Amino acid sequence: MDHMTRVGQRSPSRSGSQGQKMHQIGRKVRNSVADFFGVGEESERQSSRWDQRRKRYAGSIGRLKHSYIRQDADDEPDAGPRPIVDPLHRPSRLSSASTRLSTRRPTRKESVAVMTIKGIGKFMAKRKSKQEDRKSRGTGVDHGGEDAFSLVDDVFYDEARAEQTRAKESTIEQEDKRTVGIGAMGRLLRPSIQSVVFTKDLTMQLDEMEDHRPYFTYWATFVQIVVFIVAVAVYGTAPYGIGREVENKVVRMSNLARETQSHIEQRNIWFGPRQADLIHLGAKYSPCMRVDHNLEIAIDLDKKEENSSACCVRNDGSGCVQRIKSQCGSLSSWKKWSTSNPGPKGRVSGSVCGQDPNYCLNPPSTTPYEWPDDITKWPLCTEREPNQHNVSSTKDRHMNCEVLGHPCCHGIQGECIITTQEHCDLKRGFFHKDAFLCSQVNCFKQICGMIPFADDAKPDQFYRLWTSIFLHSGLVHLLVSVIFQMWIMRDMEKLIGAIRMSIIYLGSGIAGNLASCTFLPYHVETGPSGAQFGILACLLVEMLQSYQMYRRPILAIAKLAGPILVLFILGLLPWFDNWAHLFGFIFGFLLAFALMPYVTFGKFDRHRKIINILVCLGLATVLFIVLILIFYVAPLTTCDSCQYFNCLPFTDDFCDNMQVTFKKTSTYSAFG
């Protein structure tokens, strides 16, 4: 009884402690979210660090106002009275070095190369200083005279010269050290700032702020390089150049004759895989991501034509192939079932070379699972009865002949023909030697590759918006991405961190690919072009928010806006996707405003900042939903004007590689 009483007395305290822990966890989560968006109660030290990082990055692009350069020195709290230094006291080198080391703030460890260069520089500077001292002594100046004023002046002169030497060495050290957040892009855009002098304390503070490593940039670049190497190793490369490549080859056709056939494919200016291989690897391609009405119409036309076909048997018994009547020829017999000559159980659709309901054991045609009177709906027979008749027999000749042609899936639009293995290899297609009809294979599912569709009739590879970011059209395309990411994206990630960079990079890339899928549904697209324009939008947002810091803000903005405009103009040429550029830039702009917490908004208070975050995230969400609705509910399968924003056709074939003329007629009987 006493034990139960003690347990009952401890229960409220336990529940109270658990509730307190949950409250603390909830408060930590709220504070973490607030700090992530930059609306939390940051400490003075953290706010100062963000502000200094902004100044370093802004100073890499344009000339800052003196008020922002000297702000840290002016706002520095009074450290007390300065120590009195005896002007007649000449400290030794050891004591001077120890004093400087004891007062110097800790910085990050330098590389061996940098320390070696600094050591050589210091040695040369000291050697030059000794030579100047010897020359001055040779002039007969008496440094040990009795004149106290001369002695004091000489001491002050030496101290001033030593201070100048230390300032010069400090300047050399700062030039040798790579500045945080500037990088090659900043050095390219930055004008002459000789009149801008950073204080020693400000420079030391800035050197301690490299606490963001560009892990995401390195990871994304590494994945892109590995994916390209694997893609080229497995699939090879397309013909290099501009325009189309025609390959002619003599192959054995289904009529037993050897004919010269041609295969036309698009060349690749980037030196990389073919379009069909890029689709198989995960490139952006709308027909693999949704049900396409033009594709359904074309497939229905092929099925309708195949339903009118029959087995064409050569009169000499050398073989047979599935053909429509006009392709059978005079040396063969077209075994078509009809009302006057019906097939099994009165069927008029057929016959099919190598397959018959009466001869199939798996799956059998029995009640209630009888095969319909439509050969395009017949299942694939995996087991049949052995032949009971020889080749010369006139009964059921379609089952006693050697089948010379099987389905071959080729192209990037799910096209299927009945042909030989040699011809299919020339077309770089997928040959199905165990099938007898094109309706028995799902060509488009095989052409898309990747993860199989959940429903064979409904493409659902929406994840291509993600995979295409890490896939490149060729080696040149990959080099452009690597240079951009190592030149610009890496320094931006040092400024904002890996989490924010990954959200902006992937969000802009996915949104840009979705827009490209919406307005250019039949264009095969790869690469992180939308994501890269999202990074450029981040640069512009940072500059706009630092507008009041620049001496010439219009000039600074023009230096960044000019190259961006040039890139959009280049997007009007082939091989570039301007729709991905535009929407990647828009989403990057909105996400940057919402996710870059260190950006100060002038006199706007915390509530205004929260409203700004909600508005930007809301606009990005609404725009993404609108694109999804257009893509799935009201797809733009025909939009001729949309192409002109992506590529201006200066000649008839100038934009051939930027479009895919989708078939709207049957291609089943394209090859006889």
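Note that the structure is a prediction, hence the values are computed from the model and not measured.

### Some remarks on the side chain of Thr518
- Residue position: Thr518 is located in helix H17 (residues 498-519).
- The exposure class of Thr518 is buried, given its relative accessible area of 1%.
- Every residue in contact with Thr518, bar those within four places of it in the chain, is listed here: Leu627, Ile630, Phe631 and Leu636.

### A few points about the sheet that holds strand S4 (residues 320-323)
- Pairing is antiparallel in the open sheet, where three strands are placed in the order S4-S3-S5. Of all the strands in the sheet, the pair left with one neighbour each is S4 and strand S5 (332-335). Sheet twist, expressed as the average angle between the axes of neighbouring strands with direction ignored, equals 30 degrees.
- Here strand S3 (residues 310-314) runs beside S4; their pairing, made up of four bridges, is antiparallel. In the strand pairing of S4, Val313 is matched with Cys320.

### With respect to the pairing of strand S2 (residues 258-266)
- Both strand S1 (residues 244-252) and S2 contribute to a ladder of nine bridges, which runs antiparallel. Of the residues in S2, the one forming a bridge with Arg252 is Arg258.
- Counted between consecutive antiparallel strands, the loop separating S1 from S2 contains five residues, among which Leu256 sits at a positive phi close to 75 degrees.

### Observations regarding helix H18 (residues 529-545)
- Helix length check: H18 (17 residues) gives 25 Å between terminal C-alpha atoms against 24 Å at 1.5 Å per residue, within 8%.
- With 16 of its 17 residues buried, H18 lies for the most part within the structure.

### Here we look at helix H21 (residues 606-632)
- Helix length check: H21 (27 residues) gives 39 Å between terminal C-alpha atoms against 39 Å at 1.5 Å per residue, within 8%.
- Those residues of H21 that are buried are in contact with H17 and helix H20 (578-595).

### Examining the packing of H20 against H21
- Relative orientation of the contacting elements H20 and H21 amounts to 155 degrees, with a least axis distance of 7 Å. On the basis of their axis angle, the class for H20 and H21 is roughly antiparallel. As for how H20 packs across H21, the hand of that crossing is left-handed. Along its contact with H20, which presents Phe583, Ile586, Phe587, Leu590, Leu591, Phe593 and Ala594, the element H21 presents Asn612, Ile613, Cys616, Leu617, Leu619, Ala620, Leu623, Phe624 and Leu627.
- For the contact of H20 with H21, the residue count by class is 15 nonpolar, one polar and no charged.

### Quick word on the state of the cysteines
- The final tally for this structure, using the stated rule, is eight disulfides.
- One disulfide in the model links Cys312 with Cys328; its S-S distance is 2.1 Å. Judged by the sign of its S-S torsion, about 90 degrees, the cystine formed by Cys312 and Cys328 is right-handed. In this pair, Cys312 is assigned in strand S3 and Cys328 in the loop between S4 and S5, connecting sequence segments 16 residues apart.
- By relative accessible area, which is 4% here, Cys312 ends up buried.

### What to know about the nonpolar core
- In this structure, Met492, Met501, Tyr505 and Ile535 are the most contacted members of the largest nonpolar core, which totals 39 residues.
- Of all elements in the fold, only helix H10 (215-235), helix H16 (475-496), H17, H18, helix H19 (553-570), H20 and H21 reach the threshold of two or more residues within this core.
- In terms of residue count, H18 provides more of this core than any other element does, ten residues in total.
- Excluding residues within four positions of it along the chain, Met501 makes contact with Phe216, Met489, Met492, Glu493, Ile496 and Ile535.
- Leu465, Cys517, Phe587 and Ala620 belong to the second-largest nonpolar core, a separate cluster that totals 16 residues.

### Considering the pattern of salt bridges
- One pass over the structure, following the stated rule, counts seven salt bridges.
- The structure contains a network of salt bridges with shared partners spanning Glu265, Arg274 and Arg428.

### Concerning the packing of aromatic side chains
- Inspection of every chain in the model, using the stated rule, returns 20 aromatic pairs.
- An aromatic cluster is present here, built from Phe216, Trp219, Trp466, Phe470 and Tyr505 joined pairwise through their rings.

### Quick look at the sheet that holds strand S8 (residues 406-410)
- Spatially, the three strands line up as an open sheet ordered S9-S8-S10, and their pairing is antiparallel. Two strands in the sheet have a free side with no partner beyond their single neighbour: strand S9 (415-419) and strand S10 (430-431).
- As paired elements, S8 and S9 share five bridges and run antiparallel to each other. Bridge pairing links Cys409 to Cys416 in S9.

### Description of the confidence of the model for the protein chain
- For the protein chain, the average pLDDT comes to 76, and 68% of its residues sit at 70 or higher.
- When mean pLDDT is taken per element in the protein chain, H10 scores highest with 96 and helix H5 (residues 93-103) scores lowest with 41.
- Throughout residues 139-160 the model reports pLDDT below 50, and contacts reaching past four residues in sequence, or to other chains, amount to eleven contacts.

### Here we look at unusual backbone geometry
- A cis amide bond, omega 5 degrees, links Gly350 with the succeeding residue Ser351.
- Locating Ser351 in the fold gives a position in the loop between S5 and strand S6 (360-362).
- At Phe271, a position not held by glycine, the phi torsion is positive, near 60 degrees.
- By the element assignment, Phe271 lies in the loop between S2 and helix H11 (275-281).
- Backbone geometry places Lys345, a non-glycine residue, at a positive phi of 60 degrees.
- Along the chain, the position of Lys345 falls in the loop between S5 and S6.
- Among the residues examined, Lys345 registers a relative accessible area of 63% and is labelled exposed.

### Quick word on the packing of H10 against H16
- Close contact between H10 and H16 brings their axes to 9 Å; oriented N to C, the two are set at 170 degrees. In terms of orientation, H10 and H16 fall into the roughly antiparallel class. Between H10, through Tyr215, Phe216, Thr217, Tyr218, Thr221, Gln224, Ile225 and Phe228, and H16, the contact on the second element is made entirely by Leu475, Leu478, Ser481, Val482, Gln485, Met486, Met489, Arg490 and Glu493.
- Here the residues of the contact of H10 with H16 sort into ten nonpolar, five polar and two charged.

Rules behind the numbers
Residues numbered from 1 in each chain as written. Predicted model: local features only at pLDDT ≥ 70, side-chain atom pairs only at ≥ 80, totals over all residues. Heavy atoms only, no water. Helix = DSSP H or I, 4+ residues; strand = E, 2+ residues; numbered from the N terminus. Buried < 20%, exposed > 50% of the residue type's maximum accessible area, 1.4 Å probe, protein only. Contact = heavy atoms within 4.5 Å. Pairing = 2+ DSSP bridges. Axes fitted to C-alpha atoms, helices over the stretch in contact; angles between N-to-C directions. Expected span 1.5 Å × (residues − 1). Parallel < 35°, antiparallel > 145°, perpendicular 65-115°, else oblique. Left-handed = near helix turned anticlockwise from the far one by under 90°. Nonpolar A, V, L, I, M, F, W, Y, C, P; charged D, E, K, R; others polar. Disulfide = S-S within 2.5 Å. Core = buried A, V, L, I, M, F, W, Y, C linked by side-chain atoms within 4.5 Å. Salt bridge = Lys/Arg side-chain N within 4 Å of Asp/Glu carboxyl O. Phe/Tyr/Trp six-rings, centres within 6.5 Å; stacked < 30°, edge-to-face > 60°. pLDDT = per-residue confidence, 0-100.

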